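Architecture at a glance
The lines below spell out each chain.
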Amino acid sequence: MRSRSRLIPAITIGALAAMLSGSALAGSSGSPGLGDPYYPTDGNGGYDVEHYDLRLTYQPSTDLLSGTATITAVAVQNLTAFNVDFALAASRVKVNGLNATFTRNGDEYTITPVLPLLPALPFVIEVTYSDTPSKVPGSLWKKTPTGALAVNEPHIARYWFPSSDHPRDKATYDISVAVPDDGTAVVSNGILLGSVPERGGLKRWIWHNGSYTATYLSFLTIGKFNVETAHATRGRPFITAFATDLAEPSLGFAKESIGKTPEIIDFLGTQFGPYPFHAEGGVVVSGLTFALETQTRPVYGVSFFLNSTNESVVAHESAHQWFGDHVSVDTWRNIWLNEGFATYASWLWSEHKGRGTAQQLAVSVYNARPENHPFWQVVVADPGAGNEFNRAVYDRGALGIHALRVAVGDATFFRILKAWQFDRANRTGTIEQFIALSERLARKPLKDIFNLWLFTKGRPPAPPGAAEDT
Ligand code: ARG
Ligand code: ZN
């Protein structure tokens, strides 16, 4: 999706062919990537995806994933060929209903439609595929004892569906997966429209996610789960799924923690602006060492709940629904916009519950690492490819946010956060844009503060707010 609305004239294939005959279209291929400095071939140039309709079948016993992805996109230039990011084997590709030729080089497919595509016109790509995702080299799809898990950041989409795999190209999704009708469940983003029997002893689970979603935030979990639907604020469905292999006491801790999600989301809505999506939830699995802010429904590894409840991780993943999901990184270098704010949100939740103020947490995070600790050598505003989830991006990143709050005061600080969400809704942002907005609303230069916390190596002389505190 490109920002803002488009006017799309209705056009028939016949009219298109007539327009094209006689037109001297120079050969123009879409680029294989969007030029992200960390991952230059992520995403694809020349078109924007608007919607993914994935109609799949999965066999847990063999890890066979097959079906058709129907992608609705809009060309932004003349295209005689274009690329798609996909790491599985496709058997057929159609464009606007006509068989297209395609070649594959690793996880880049180059597709050549029979008819060239014209700028501003929508087109439909149908990719039929069948493969065993866990066996693909470099695959991040995880096979589990009862199913599979497609949950990762920054890369996961290409291991289960063809896509323009970059946060700049958000789209809406309809995802349905047929699995054995033996208690196997399928969980994804958004709302569950139903699960219906299908021939061959299968049951098809039908999920709809109508909000613009970055590819890495679209997820699939298949396996034995207890899936439950409740209702959160404004009647939003609150859908949770707990893997049936989870044992007490962690299962109880997980349930209690995830159960706080609606309350946490309501609180964060007072800090960041209204919750941006139509559904809420949480999924807890055993085969994951991290948690991910998958849109509307974060997925948590059970390790967060081993010895106690953990509202901090729920606050963190819930905050990502605003910082990461609703407003996404424009390139992966900007990961502080996700992890710094999600971490800071868990401090705000702690403060709200009277368990320790953000100021106290800032001081303890600062003091936790001595001056010579490698923690202080990470440049938060540019941590490097593969280093996006370094602790410094989270904790030093949150210190930088606290420094901003101390510098501008609470009223301006929360005005900045809300304006950021409003201005960049369903789009992406950069750190530089955030700094510019902050300076505009604070009516004063703030570059020194951001430079000190985000753009500089080394431990700053004191934690933010220290002077006021001592
Ligand atoms: N964004 C996730 C979080 O909430 C981190 C994901 C880390 N990814 C990974 N493959 N370990 O902190
Ligand atoms: Zn995070």
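Remember, it's a predicted structure, so these values are computed and weren't measured experimentally. (Residues numbered from 1 in each chain as written. Chains lettered and ligands numbered in written order. Predicted model: local features only at pLDDT ≥ 70, side-chain atom pairs only at ≥ 80, totals over all residues. Heavy atoms only, no water.)

**Notes on the overall build of the protein chain**
Scanning the protein chain from N- to C-terminus turns up 11 helices and 21 strands. Computed over C-alpha atoms, the radius of gyration of the protein chain comes to 23 Å, within 12% of the 23 Å expected from 2.2 N^0.38 for 470 residues, which places it in the range of a compact globule. By principal-axis analysis of the C-alpha atoms, the protein chain measures approximately 75 × 55 × 40 Å. With 470 residues in all, the protein chain has 57% of them scored as buried. (Helix = DSSP H or I, 4+ residues; strand = E, 2+ residues; numbered from the N terminus. Rg over C-alpha atoms; globule rule 2.2 N^0.38 Å. Buried < 20%, exposed > 50% of the residue type's maximum accessible area, 1.4 Å probe, protein only.)

**A few points about the pattern of salt bridges**
Tallying each qualifying case throughout the model produces 16 salt bridges. Notably, a salt bridge pairs R355 with E311, separated by 2.9 Å at the nearest N-O pair. A residue pair is termed long-range when its members are at least 10 positions apart, and R355 in the loop between helix 5 (336-352) and helix 6 (358-367) and E311 in helix 4 (residues 311-320) qualify at 44 residues. A relative accessible area of 11% means that E311 is categorised as buried. A salt bridge links E351 to R405; the shortest N-O distance between them is 2.8 Å. (Salt bridge = Lys/Arg side-chain N within 4 Å of Asp/Glu carboxyl O.)

**Things to note about the site of ligand 1**
Residues in close proximity to ligand 1 include N152, E153, F290, A291, L292, E293, H316, E317, H320, E339, F389 and Y394, which together make up its full environment. Here an oxygen atom of ligand 1 sits 3.3 Å away from a polar atom, N or O, in the side chain of H316. With the chains in place, 82% of the 350 Å² that ligand 1 exposes on its own is no longer accessible. For the shell around ligand 1, the elements supplying multiple residues, two or more each, are strand 18 (291-292) and helix 4. (Near = heavy atom within 4 Å. Polar contact = N/O pair within 3.5 Å; in protein donor to acceptor, adjacent residues only side chain to side chain. Areas by Shrake-Rupley, 256 points an atom, 1.4 Å probe, with all protein chains shown as cover.)

**Quick notes on the confidence of the model for the protein chain**
Considering every residue of the protein chain, the mean pLDDT works out to 95; 94% of them sit at 70 or more. Within the model, the stretch residues 4-9 combines pLDDT values under 50 with seven contacts to residues more than four positions away or in other chains. Confidence estimates for the predicted assembly give a pTM of 0.94 and an ipTM of 0.97. (pLDDT = per-residue confidence, 0-100. Contact = heavy atoms within 4.5 Å.)

**Description of the coordination of the zinc ion (ligand 2)**
Taken together, H316 (NE2), H320 (NE2) and E339 (OE) make up the protein donors of the zinc ion (ligand 2), found 1.9 to 2.0 Å from the metal. Here the donor residues of the zinc ion (ligand 2) are spaced in sequence according to H-x3-H-x18-E. Residue H316 is found in helix 4, and its partner E339 is found in helix 5; the two are separated by 23 residues along the sequence. When sorted by exposure, H316 lands in the same class as E339, which is buried. (Donors = N, O, S within 2.8 Å, 3.2 Å for Na, K, Ca; no water.)

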